[in-house]
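Letter by letter, the chains look like this.
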Amino acid sequence: MSNFIIRKVAVLGAGVMGAQIAAHCANADVSVILFDLPAREGEPNGIVNKALASLKKLDPAPFAARDRVSYVEAANYGSDLARLGECDLVIEAIAEKMEWKLDLYAKVAPHLKPGAVFASNTSGLPIHALAEGMPVALRSRFCGIHFFNPPRYMTLVELIPTADTDPAMLDALEAWLTTRLGKSIVRAKDTPNFVANRVGVFSILAVMHHTARLGLSFDEVDLLTGPLIGRPKSATFRTADVVGLDTLAHVVDTMQATLPDDPWHAHFQSPDWLRGLIAKGALGQKTRAGIYRKEGKRILVLNLAHQDYRESGGEIFPDVEDMLKLKDPVEKFAQLAAHPHPQAQFLWSIFRDVFHYCAVHLGAIADNARDVDLAMRWGFGWAQGPFETWQAAGWSEIAAMVQEDIEHGHAMATVPLPGWVFERDGVHEPAGSFSAAEGGLKPRSTLPVYGRQLYPDRVLGEARAERGETLWENAGVRLWRRPDQDARIGIVSITSKMHAIGDEVMEGMLEAIARAEGDLDGLVLWNEAPFAVGANLQQVGEACRAGQFDMLERMVDKFQRTSMAIKHAQVPVVAAVQGMALGGGCEFAMHAAHRVFALESYVGLVEVGVGLIPAGGGSKEFALQAHAMAQRAAGGDVFPYIQNAFQTIAMATLAKSGIEAVQLGFGKASDDVLFHAHEILYAAIRRARAMAESAWRPSLPSQAVTVAGRNAIATCELMLVNMAEGGFISAHDYKVGKAAATALCGGEVDTNARVSEQWILDVERAQFVELLKTEKTQQRIAHMLETGKPLRN
């Protein structure tokens, strides 16, 4: 089809999902009109305005930056329906009641723009039945578009067409959702609850069933069904509280009402205890009480035996804990199934019943097994989908064990496994994933948008990703390229644990830059998240304990030389940032010629958390920014521009999006922010190529940087005095804060003195090493290494 352009979106319904969908469209620089009913009293758009105000308080934040709320306009159905004619995409997100939705469709249909796409965010109502509420002429532009909560952070969107949906429109919408909103798409069949909720809610019901059957407690089950089995920390019952117990019950009721012939239908009902909580208004997190309740710092859990709450805790039986630590999934599942302890039987049972359910329903609910697995990873945060887990544990062995339990009446349903299960040795192969409906393997989508994802999420058994051609590597860095993308743009990937920056990484980075200058046209710094977590604290801590401060000073000097090599390389260096870029990782990115941020990038100079200051050039880069801004402003005083940088460093302010990273000065306004993390390498390679083709050239190190000097240091120190007197910071925090101010202001020089970049680097390094010599900074480093948490001392 012709270019698919969406300039403005309307979202109908300012509830939890509708408001957050609107926020995420605003994140992507799309104008949004958010509709709801006119308020009965006061300002007509009061309902929407209240919803927008509530969004500002949510954590995690729906808006990627505070200014994005201004991109959302409030409207109401009473007076503003004509404004739908401005919108290219209209997303309905009102309550899950068929009659309400159909009534709204009748009202809005006459106002839709010709060619506009209309989509429902229903979580499970039949899309074909909703389509019947649309005029025939509009049905080709109608589909389901099911976001997951919270829409900014959950990558899954299920697209559900009807028989009348225009295939070209659906392809274009999928591409737009992927690149513009950063979503991962599964094409779902028009069956109740679609793919992820159908499997996910059944999984929750299976957990509830076996929790009761085996007499386990809620907190005990949450210990078993969280990260130990590759599920989110919120596990099962905490997740139910977060989702809302009433919402969960509604989805279960939908399954009960719409799936009367499902072999597991007898289990599609909320347990009495859940109904009891809902009746009392204990709906979970939104009412501050549900399965769990928080009282001050205490977390209480529902005790069914006494119908009250008790301190949460729970323990895992040692044998079960040992089994869960086994690396071999074949051995792990065999031991769980054979062990008599209730916790082992519980784990085997919940996996068995989900395997059984997915195998029986695969042909009805999904195009192929890959879609089921990715839906559960993207929509429910599972580390592996159910078919991947089954295949890893030994397909034939697990199939035999499941079928034996079915025959002996141990499973939740008596329906046998389908015949295709025993005809195969898995569902995922290099050639594709099994489709039960078609009886063969289905390859991945060939839509052009997926050519932008050089390393997409893959399922177990799928063809391995292209590793590229290694040009050089050492213990910390790999220099490589993708000839199929651009043979003369190199890629540097840090290979150390958590991409921490130690001596081997700095040595490798310097060598890679030198090789790129000789043999390549550009360089991209990229690896899977995290981008880099900063200096290797283990190496720093060991050197401190040994009193090797001269060696540490040389190490910091090398770090600075590496940052400067990135900045002044004779080929453009583009940093492709996703996930955490902290401390030294942030400094590497700041020194690149250009940055391509994934939206979900968490960037900051957080060194004060371990009693240090940025010394890899981060302080110097903020000083340079202040100099440049002062030069553009009348008067030329640099301190007003230093003040924000000082607060950013002293408070260890973390940018919680790529957009915020630019706003805080960790990037530039000309940088790119992409919403799909799997596209950043593709974009960075092309950005490096464009810079090379446009005769890009590096700047020379500045010899005349105007710095704020000693007067500004004194002003920053006054702020620290006020914080210390108020009890907000410790004496050592004060010392660290003054060191940060000294580095940012260029040291003890006159106000507006001119110094070189190297001078500022020397000040940074001297302040950093002096802090390393203090007992309290060494204590902070040791505590971080031991606990992963900062120490306040």
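Residues numbered from 1 in each chain as written. Predicted model: local features only at pLDDT ≥ 70, side-chain atom pairs only at ≥ 80, totals over all residues. Heavy atoms only, no water.

### Some thoughts on the overall build of the protein
In terms of helices and strands, the protein carries 29 helices and 23 strands. Compactness check: the protein gives a C-alpha radius of gyration of 29 Å against a globular reference of 28 Å for 793 residues, within 12% of the reference. Taking the principal axes of the C-alpha coordinates as reference, the protein spans close to 80 × 65 × 55 Å. Considering the protein as a whole, with its 793 residues, one finds that 55% of them fall into the buried category. Considering only intrachain contacts with a sequence separation of at least 6, the fraction spanning at least 24 residues in the protein is 71%. Of the accessible surface of the protein, which amounts to about 32400 Å², a share of 53% is contributed by carbon and sulfur atoms. Across the protein, 77 positive and 92 negative side-chain charges occur, with their mean positions spaced 4 Å apart. (Helix = DSSP H or I, 4+ residues; strand = E, 2+ residues; numbered from the N terminus. Rg over C-alpha atoms; globule rule 2.2 N^0.38 Å. Buried < 20%, exposed > 50% of the residue type's maximum accessible area, 1.4 Å probe, protein only. Contact = heavy atoms within 4.5 Å. Areas by Shrake-Rupley, 256 points an atom, 1.4 Å probe, with all protein chains shown as cover. Lys, Arg positive; Asp, Glu negative; His and termini not counted. Charge placed at Lys NZ, Arg CZ, Asp CG, Glu CD.)

### Let's talk about the packing of aromatic side chains
Considering all chains together, one arrives at 24 aromatic pairs under this definition. Relative to Tyr77, the ring of Phe35 lies with its centre 6.1 Å away and its plane at 5°, an arrangement referred to as stacked. Of this pair, Phe35 sits in strand 2 (residues 31-36) while Tyr77 sits in the loop between strand 3 (72-76) and strand 4 (89-92), and the two are 42 residues apart along the sequence. A residue is classified by how much of its surface remains accessible, and Tyr77, at 15% relative accessible area, is buried. (Phe/Tyr/Trp six-rings, centres within 6.5 Å; stacked < 30°, edge-to-face > 60°.)

### Here we look at the sheet that holds strand 13 (residues 432-435)
Taken in spatial order, the 3 strands make up an open sheet running 12-13-14, and their pairing is antiparallel. Each having just a single partner strand, strand 12 (428-429) and strand 14 (440-442) make up the two edges of the open sheet. Across 3 bridges, the pairing between strand 13 and strand 14 is antiparallel. When the bridges of strand 14 are listed, Ser433 appears paired with Lys442. (Pairing = 2+ DSSP bridges.)

### Some thoughts on helix 26 (residues 709-725)
Compared with the 24 Å implied by 1.5 Å per residue over 17 residues, the 25 Å span of helix 26 between its first and last C-alpha is a close match. Of the residues making up helix 26, those classed as buried are Gly709, Ala712, Ile713, Cys716 and Leu720. For helix 26, the angular spread of the buried residues around the axis is 105°, confining them to a single face. Facing away from the buried side of helix 26 by more than 90 degrees, the exposed set consists of Asn711, Leu718 and Glu725. Lining the buried residues of helix 26 we find helix 23 (639-650) and helix 27 (731-744). Backbone geometry just after helix 26 places Gly727 at a positive phi near 80°. (Expected span 1.5 Å × (residues − 1). Arc of directions from axis to C-beta.)

### Considering unusual backbone geometry
Glycine aside, residues mostly have negative phi angles, and peptide bonds mostly take the trans form. Going from Asp59 to Pro60, the amide bond is cis rather than trans, its omega being 5°. Along the chain, Pro60 turns up in the loop between helix 2 (46-55) and strand 3. In this structure, Pro150 follows Asn149 across a cis peptide bond, with omega equal to 0°. In this fold, Pro150 is placed in the loop between strand 6 (142-147) and strand 7 (156-160). Despite not being glycine, Asn193 shows a phi value in the positive range, around 65°. A residue is classified by how much of its surface remains accessible, and Asn193, at 2% relative accessible area, is buried. Within the chain, Ala235 stands out as a residue other than glycine whose phi angle is a positive 55°. On the secondary structure map, Ala235 appears in the loop between helix 7 (218-224) and helix 8 (237-243). Judged by its relative accessible area of 10%, Ala235 falls in the buried class.

### Some remarks on the pairing of strand 4
Residues Leu89 and Ile91 line one face of strand 4 and the alternating positions Val90 and Glu92 line the opposite face, and both faces are buried. Summarising the sheet, strand 1 (residues 8-12) and strand 4 pair through 4 bridges and their orientation is parallel. Residue Ala10 lies in a different strand from strand 4, and its bridge partner there is Val90. Note that the unit made of strand 4, helix 3 (residues 98-108) and strand 5 (residues 117-120) has a crossover that is right-handed. (Right-handed = clockwise from strand over helix to strand, strands pointing away.)

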